[in-house]
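Analysis of the macromolecular model
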Amino acid sequence: MGFVLLILASWGFVGLDVLNKLSIQRGANIMCSRSIMSPNSSLCWLFGLCVFLFSQVTFATQVTSSLWIDSDLDKAIKLSKGKKPLIVNIHAGWCAPCNQLANEVLFTQAAKVLLKGAIGVRFDFETKKGRVFTTKYGIIGLPSTLVLSPTGKELGRIQGYPGRREFLKTMKDVLAGRASLEVLAKQAKASPKDPAVQMKYAQALLFRGKIDKGRALLKPFMKGKDRYAAQAFRIWGRWLLRVQRKSKPAVAHFMNARTHFAGSPYESGFLYWAAKAYQELGQHKKALALFDEWAKKASKKVMPLMYKADFMVHYKYPTADIKTLLKQVMKGVPQSAWLHYLLAQVLHREGKRKEALEAIGVSLQRAPKRAIYINFARQLAGKGRRPSR
């Protein structure tokens, strides 16, 4: 049986290779109203993609989502019976690291082991319940995986996804109490001149609701222009926008950060977040104008336009406008896996499932282990799970 599956997987990669040769050279042309492929080519493409997805599901030891309670912290607290800690993951479908964490840990045998002595809960950041959880527990970055006591008190968290091995190692430390606020406070006191330690403690204070104290620790860093200064600006800005949902102060903060870091590699990141804050205020033209301004100043126009396309897809701007921009950008980087993923999103919104599969197939050929592409392709092919947008 294993040999047969190996052959099928190989066929999948061959099919995807054919897919790549047929389409990457004319990637932007997928946006045309008619298919660029002959019927036989399309069949080869879709066969290769489907077999590839089948092999991914087979070789990755997947477990069912029944391990995780969906968006119900009260139920988890009740099931813990005052004994088991809670592991709470907050994610979003558009978040690439969230998808990677789900595929490599949360929906594998590793999760079964992890949840033997704990209760698992997952919240979608974009839902009403997800927003309530975000505000209550101070979620500023995705994915965030929190360990809570049986009563719901935070014991520690992992922000982001550092990879399977590091995630599981850090989770073990958090469960053992080595990331509590008390432990972080001792570390901060013992290493007052260590910026990484101080930054970690400042974030923990914010997360536990000690806002003034956390802000006071961050403020001195904002006078500098190094990576810790940029990190301090990001933390406080995201806190304003995602947790407190104060879009106007967030705009002012990110624009100030952009000026502070003008000409540095950090400037573009703050510009992107300023655009997000404008978007939350409903000021769409101002949001898009920031990307156009960035493109005018940039020596290479591709990067700001890629960010603009990503932004427009995320916030569901009119598909015609997005496709016009994608066609322009893809002339410069026709082999970009991410641009083909964005194109697949647009085509899916337009109900063009076949063309969307073709586009995501190119992404998979370029980056076959990227979970966000795998999960979206599964959704399009009706083969399985993808976190909701």
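Above: the structure in question.
This text gives an overview of the structure that appears in the document.

Quick notes on the rules
Residues numbered from 1 in each chain as written. Predicted model: local features only at pLDDT ≥ 70, side-chain atom pairs only at ≥ 80, totals over all residues. Heavy atoms only, no water. Helix = DSSP H or I, 4+ residues; strand = E, 2+ residues; numbered from the N terminus. Expected span 1.5 Å × (residues − 1). Buried < 20%, exposed > 50% of the residue type's maximum accessible area, 1.4 Å probe, protein only. Contact = heavy atoms within 4.5 Å. Core = buried A, V, L, I, M, F, W, Y, C linked by side-chain atoms within 4.5 Å. Polar contact = N/O pair within 3.5 Å; in protein donor to acceptor, adjacent residues only side chain to side chain. Phe/Tyr/Trp six-rings, centres within 6.5 Å; stacked < 30°, edge-to-face > 60°. Lys NZ or Arg CZ within 6 Å of the ring centre and 35° of its normal.

1. Focus on helix H13 (residues 267–280)
A rise of 1.5 Å per residue sets the reference length of H13, with its 14 residues, at 20 Å; its end C-alpha atoms lie 20 Å apart and thus fit the reference within 8%. Burial of H13 is extensive: 11 of the 14 residues sit out of reach of the surface. The inward-facing, buried residues of H13 contact helix H11 (227–243), helix H12 (247–260), helix H14 (284–297) and helix H15 (302–314). Looking at the residues trailing H13, positive phi occurs at Gly-282, about 85°.

2. Quick word on the nonpolar core
Judged by nonpolar contacts, the single largest core of 73 residues is most densely connected at Leu-218, Phe-311, Tyr-317, Leu-326, Ile-360 and Tyr-373. Examining the composition of this core, we find that 11 residues originate from one element, H11, more than from any other. Non-local contacts of Tyr-373, meaning those with residues more than four positions away in its chain, are made with Ala-337, Trp-338, Tyr-341, Ile-360, Ser-363, Leu-364 and Ala-367.

3. Considerations on the side chain of Glu-267
With respect to the secondary-structure elements, Glu-267 resides in helix H13. Within the structure, the side chain of Glu-267 is placed 2.9 Å from the backbone nitrogen of Gly-263, a separation counted as a polar contact. When sequence neighbours within four positions are dropped, the list of residues in contact with Glu-267 reads Arg-258, Phe-261 and Ala-262.

4. A closer look at the packing of aromatic side chains
For the structure shown, the criterion picks out 21 aromatic pairs. Centre to centre, the rings of Phe-233 and Phe-270 are 6.1 Å apart; their planes meet at 70°, and the pair counts as edge-to-face. Placement of the pair is Phe-233 in helix H11 and Phe-270 in helix H13, with a sequence separation of 37 residues. Overall, the relative accessible area of 1% leaves Phe-270 in the buried class. Measuring from ring centre to ring centre gives 5.9 Å for Tyr-272 and Phe-311, while their planes differ by 90°; the resulting arrangement is edge-to-face. Of this pair, Tyr-272 sits in helix H13 while Phe-311 sits in helix H15; the two residues are 39 residues apart in sequence, bridging distant segments of the chain. The pair Tyr-272 / Phe-311 is uniform in exposure class, with both members buried. Here the aromatic residues Tyr-272, Phe-291, Trp-294, Tyr-307, Phe-311, Tyr-315 and Tyr-317 are joined through ring pairs into a cluster of three or more. Positioned over the ring face of Phe-207 is Arg-157, at 3.6 Å from the centre of the ring. Between the NZ or CZ atom of Lys-276 and the centre of the ring of Trp-94, over which it lies, the distance is 5.8 Å.

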